[in-house]
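# Secondary and tertiary structure notes
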Amino acid sequence: MQTHLEQTLLNKITDLPTLLGKVNTWKSEGKKIVFTNGVFDLLHLGHITYMAKAAELGDKLIIGLNADASVKRLKGENRPVNDQNNRAALLAAMYFIDAVVVFEEDTPLNLITQILPDILVKGADYSVENIAGAKEVLANGGEVKTITLVEGHSSTNIINKIKSQMA
């Protein structure tokens, strides 16, 4: 028998075809869909604050999670520290996240063009014209928003701090 946590994780961590079914249901119910993405390797206050603010913009928050191979291409051979299954489970355990979908590409453009969220969110370190999927979301009548990041918090900084303390 599955625990409540196991059932929650199974319901939230999904593949794209299953997610699209959920999205269609949510949209038919008039729910506002918010999408954001990232690596979310070592969860920290900056991640939690960012995702909580994204969740407040709508009714359902979908997280696109970079697969391990994608993270290696973007961040280097020593990343991710946590594999995609662990990262997905940590995200799915958060009450304000409604779905987590892993993607293999370097950007979530394919996910975004299929989901067509009402609101696409990235950190304020991105300009709207550089956000993957922004053009498509705007053309579909959606919005693109940026959220100010919590200063001084990043997985890379945490990893570097650990490395310097071990040296």
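Fair warning: this is a prediction, and the values are worked out from it, not measured in the lab.

### Quick look at the pattern of salt bridges
- Taken as a whole, this structure holds five salt bridges when the rule is applied.
- Between lysine 60 and aspartate 98 there is a salt bridge, with the nearest N and O atoms lying 3.9 Å from each other. Taken together, the residues span a long stretch of sequence, with lysine 60 in strand β3 (residues 60–66) and aspartate 98 in the loop between α5 (84–92) and β4 (99–103) at a distance of 38 residues. As far as the burial class goes, lysine 60 and aspartate 98 line up, both buried.

### Some thoughts on helix α3 (residues 45–55)
- Considered for burial, the residues of α3 that qualify are Gly46, His47, Tyr50, Met51, Ala54 and Ala55. Mapping the buried residues of α3 onto a view down its axis gives an arc of 160°, with all of them on the same face.

### Some remarks on the side chain of arginine 87
- Within the secondary structure, arginine 87 sits in helix α5.
- What makes arginine 87 buried here is its relative accessible area of 0%.
- Here the side chain of arginine 87 touches asparagine 82 through a polar contact of 2.9 Å, landing on its backbone oxygen.
- Apart from the residues within four sequence positions on either side, arginine 87 is in contact with Val39, Phe40, Asp41, Leu65, Asn66, Ala67, Asp68, Val71, Pro80 and Asn82.

### Describing the environment of glutamate 129
- Position of glutamate 129 relative to the elements: it lies in the loop between β5 (119–123) and α7 (134–139).
- For glutamate 129, a relative accessible area of 67% translates into the label exposed.
- Between the alpha carbons of glutamate 129 and valine 144 there is a distance of 9.8 Å; along the sequence they are 15 residues apart.

### Re unusual backbone geometry
- With an omega of 0°, the peptide bond running from arginine 79 to proline 80 counts as cis.
- Among the structural elements, proline 80 can be located in the loop between α4 (68–75) and α5.
- Non-glycine residue phenylalanine 40 carries a positive phi angle of around 50°.
- In this structure, phenylalanine 40 sits in the loop between β2 (33–38) and α3.
- The class of phenylalanine 40 is buried, set by a relative accessible area of 6%.
- A positive phi angle is found at leucine 116, which is not glycine, with a value near 45°.
- In this structure, leucine 116 sits in the loop between α6 (109–115) and β5.

### Focus on the nonpolar core
- Among the nonpolar cores identified, the biggest contains 20 residues, and Met51, Leu61, Ile63, Leu91, Ile97 and Val100 are the most heavily contacted of them.
- Going through the elements one at a time, α3, β3, α5 and β5 are the ones with two or more residues in this core.
- Considering every element that reaches this core, the biggest residue donor is α3, with four residues.
- Dropping the residues within four chain positions of it, methionine 51 is found in contact with Phe40, Leu43, Leu61, Ile63, Leu91, Met94, Phe96 and Ile97.
- One finds Ile62, Ala99, Phe103 and Ile131 within the second-largest nonpolar core, a separate group that totals 19 residues.

### Side note on the pairing of β2
- Counting buried positions over the six residues of β2 gives six, a clear majority of the element.
- Side chains Ile33, Phe35 and Asn37 of β2 all project onto a buried face; the interleaved residues Val34, Thr36 and Gly38 project onto the opposite face, where all are buried too.
- By the bridge criterion, six bridges tie β2 to β3 in an arrangement that is parallel. Residue pairing for β3: phenylalanine 35 is matched across the bridge by isoleucine 62.

Rules used throughout
Residues numbered from 1 in each chain as written. Predicted model: local features only at pLDDT ≥ 70, side-chain atom pairs only at ≥ 80, totals over all residues. Heavy atoms only, no water. Salt bridge = Lys/Arg side-chain N within 4 Å of Asp/Glu carboxyl O. Helix = DSSP H or I, 4+ residues; strand = E, 2+ residues; numbered from the N terminus. Buried < 20%, exposed > 50% of the residue type's maximum accessible area, 1.4 Å probe, protein only. Arc of directions from axis to C-beta. Polar contact = N/O pair within 3.5 Å; in protein donor to acceptor, adjacent residues only side chain to side chain. Contact = heavy atoms within 4.5 Å. Core = buried A, V, L, I, M, F, W, Y, C linked by side-chain atoms within 4.5 Å. Pairing = 2+ DSSP bridges.

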